[in-house]
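Take a look at the letters that make up each chain.
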Amino acid sequence: MPLLLKKKTVLPGFGLTLGFSVVYLSLLVLIPLAVLVMKAMGLTWEQFWTTVTRPQVVASYKLSFGAALIAALLNVVFGLLVAWVLVRYRFPGRKIIDALVDLPFALPTAVAGIALTALYGPKGWIGQWLEPLGIKAVFTPLGVVIALTFISLPFVVRTVQPVLEDLGKEVEEAAASLGASRMAIFRRVIFPEIWPALLTGFALAFARAVGEYGSVVFISGNLPMKTQITPLLIMGQLEQFKYAEATAIAVVMLVASFVLLLAINLLQRWTTRRMAM
Amino acid sequence: MYSPRTPRQLTEPAWVRWSLIGLALIFLGLFLVLPLVLVFAEAFTKGAAVYFASFNDPDAAHAIKLTLLVMVASVVCNGVFGVAAAWAITKFSFRGKSLLLTLIDLPFAVSPVIAGLIFVLLFGAQGLMGSWLSDHDVKIIFAVPGIVLATMFITFPFVARELIPIMQAQGTEEEEAARVLGARGWTVFWRITLPNIKWGLLYGLILCSARAMGEFGAVSVVSGHIRGETNTLPLHIEILYNEPGQYAAAFACASLLSLLALVTLVLKAIVEWRQARAQAQAAQLSNVE
């Protein structure tokens, strides 16, 4: 262990804490994930490819990634709006609203799922107004988008909010004294500062939405080719004890998620470098 | 923050400000407030008697007990891991640190269903260790250990993620000074580090327990849905919801979890407030010096 250290230190516990962390991480996360990859390697390339490109599976990718993309984009627009309003304006109930933004992190997804289904159902508080307009939310892709928007709501707000708070007023004042209009200040001064955070928030929201299961299962109805998201499809394969198929599809999702995670990490490093400058 | 005398270019006209606030409130009202209010409204549609009877059901009582057990196990294990990992990462500079940081985030990127699947592949009847486990009569999948493992996987990063930025910001000088003055390792941790991180740690543990109690997807894969045995509260809600005549009972159980979520949010607000106050006091102290 001391070999790994780059700098001498008087503080104790390096071997103990790093050793424990690595062992715990390996046992709980790395080895189980490696088993998944190993299991997928047990398939021939042809078996793997036919499984992951079946029309029903492809339809589920389209829905999962498409709905997650729409939900993340919605949250970019409204998340920026909410962060802006919370940081820049003072109004009654602001602190309560601020605390409430984290609700989707704390509320179990199954609870969110049944609540949204009841709310947007044909007799629900919102659904009854949509029904005469010919808009159906429950058991349609729209319902999937609604559920994913709910669970990924806090990400953009919580990444943009601290950046907006730290934004010095001096630059804005300088721009204003040089005669820039409010819109020009937002576009040219404020937006360039917050857009890396906005992008990070988008990626986090997207990554979370792609894998979501609990809130979608109730509102989507799980209709193959129509409202079946990929995690639900994996679940269906498991219930029929088709472990190889489930594993193959899971590997495709996992690879997509890791690419996203990598992108988020690079984005965050880039953002902190920008902030440090 | 912005007084009425703020120059025109530094804020928006009043009508823009109020329409932006209005728009934000409508969005949050539709997506956050209404679902929350609805849970409690549906839970009480058949009156308080039916509401409280929902918790007297032995299956519900067992689900609540199991959920608490799973929560305690996840919070203890991931809490110890979080503190250890944060200590290693923030107090030392070593090779492979950024790799370790990325790996800690891994469970965030894994779909809950896949988190459950990996444990089925490892410990299930046809899994890698399946035959060994059945020879020794150990049940992990479709039993409590599997539920605990899947939940631990999902809540793995929460405490570590909360502590690392706080401990990074605090640096190592205080601990180093204590060491040089002759304090032993554990004394340094209990007397210097822990008081510095206690609010962050508390929030990490709260968040971890909230997620542990509410986990659905991963637990759904490994539990087998055996009533009175391997049903956690979220799974119990699903069963009630799909059963005719149990709609109100499903929302009653859901309201219990929603209440816990609200408690989490309140505790978080308190922790943030205490932390801000502690920082302000520290800043004042250093000014006096």
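See the structure above.
Parameters and conventions
- Residues numbered from 1 in each chain as written.
- Chains lettered and ligands numbered in written order.
- Predicted model: local features only at pLDDT ≥ 70, side-chain atom pairs only at ≥ 80, totals over all residues.
- Heavy atoms only, no water.
- Helix = DSSP H or I, 4+ residues; strand = E, 2+ residues; numbered from the N terminus.
- Contact = heavy atoms within 4.5 Å.
- Areas by Shrake-Rupley, 256 points an atom, 1.4 Å probe, with all protein chains shown as cover.
- Lys, Arg positive; Asp, Glu negative; His and termini not counted.
- Charge placed at Lys NZ, Arg CZ, Asp CG, Glu CD.
- Buried < 20%, exposed > 50% of the residue type's maximum accessible area, 1.4 Å probe, protein only.
- Expected span 1.5 Å × (residues − 1).
- Bend = angle between axes of the 7 residues up to and from the residue.
- Buried area = accessible area lost by both parts, 1.4 Å probe.
- Salt bridge = Lys/Arg side-chain N within 4 Å of Asp/Glu carboxyl O.
- Polar contact = N/O pair within 3.5 Å; in protein donor to acceptor, adjacent residues only side chain to side chain.
- Nonpolar A, V, L, I, M, F, W, Y, C, P; charged D, E, K, R; others polar.

Visitor: I'd like a rundown of the overall build of chain A, residues and numbers included.
Guide: Along the backbone of chain A there are 14 helices and zero strands. Sequence-ordered secondary structure for chain A, helices as α and strands as β, is α-α-α-α-α-α-α-α-α-α-α-α-α-α. Projected onto its principal axes, the C-alpha coordinates of chain A cover approximately 70 × 65 × 30 Å. Here the contacts in chain A between residues at least 6 apart in sequence split such that 73% fall between residues at least 24 apart. Surface summary for chain A: the accessible area is close to 12,600 Å², and the carbon and sulfur share equals 70%. Where the 23 positive side-chain charges of chain A centre and where its 13 negative ones centre are 3 Å apart.

Visitor: Tell me about the environment of A:Leu164, residues and numbers included.
Guide: Residue and element names in this part refer to chain A. For leucine 164, the position within the fold is in helix α9 (residues 153–166). Judged by its relative accessible area of 2%, leucine 164 falls in the buried class. Considered as a pair, leucine 164 and glutamate 193 are 29 residues apart in the sequence and their alpha carbons are 8.4 Å apart. If sequence neighbours within four positions are ignored, leucine 164 has contacts with Ala83, Trp84, Val87, Arg88, Ile190 and Ile194.

Visitor: How would you summarise helix α1 (residues 14–43) of chain B if you had to cite specific residues and measurements?
Guide: Spanning 30 residues, α1(B) covers 41 Å between terminal C-alpha atoms, matching the ideal 44 Å at 1.5 Å per step. In α1(B), a bend of some 45° at B:Gly29 exceeds every other bend along the element.

Visitor: How would you summarise the interface of chain A and chain B if you had to cite specific residues and measurements?
Guide: With 95 residues of chain A in contact, the opposing surface of chain B contributes 93 residues. Both sides together, the interface formed by chain A and chain B hides about 8,700 Å², and carbon and sulfur atoms give 79% of it. Linking chain A with chain B are two salt bridges, by the criterion used here. The residue A:Arg182 makes a salt bridge to B:Glu12 at a minimum N-O spacing of 2.6 Å. There are nine residue pairs in polar contact (both at pLDDT 80 or more) connecting chain A and chain B. Examining the composition of the side of chain A that touches chain B, we find that 17 residues originate from one element, helix α1 (residues 14–41) of chain A, more than from any other. For the side of chain A that touches chain B, the residue count by class is 68 nonpolar, 14 polar and 13 charged.

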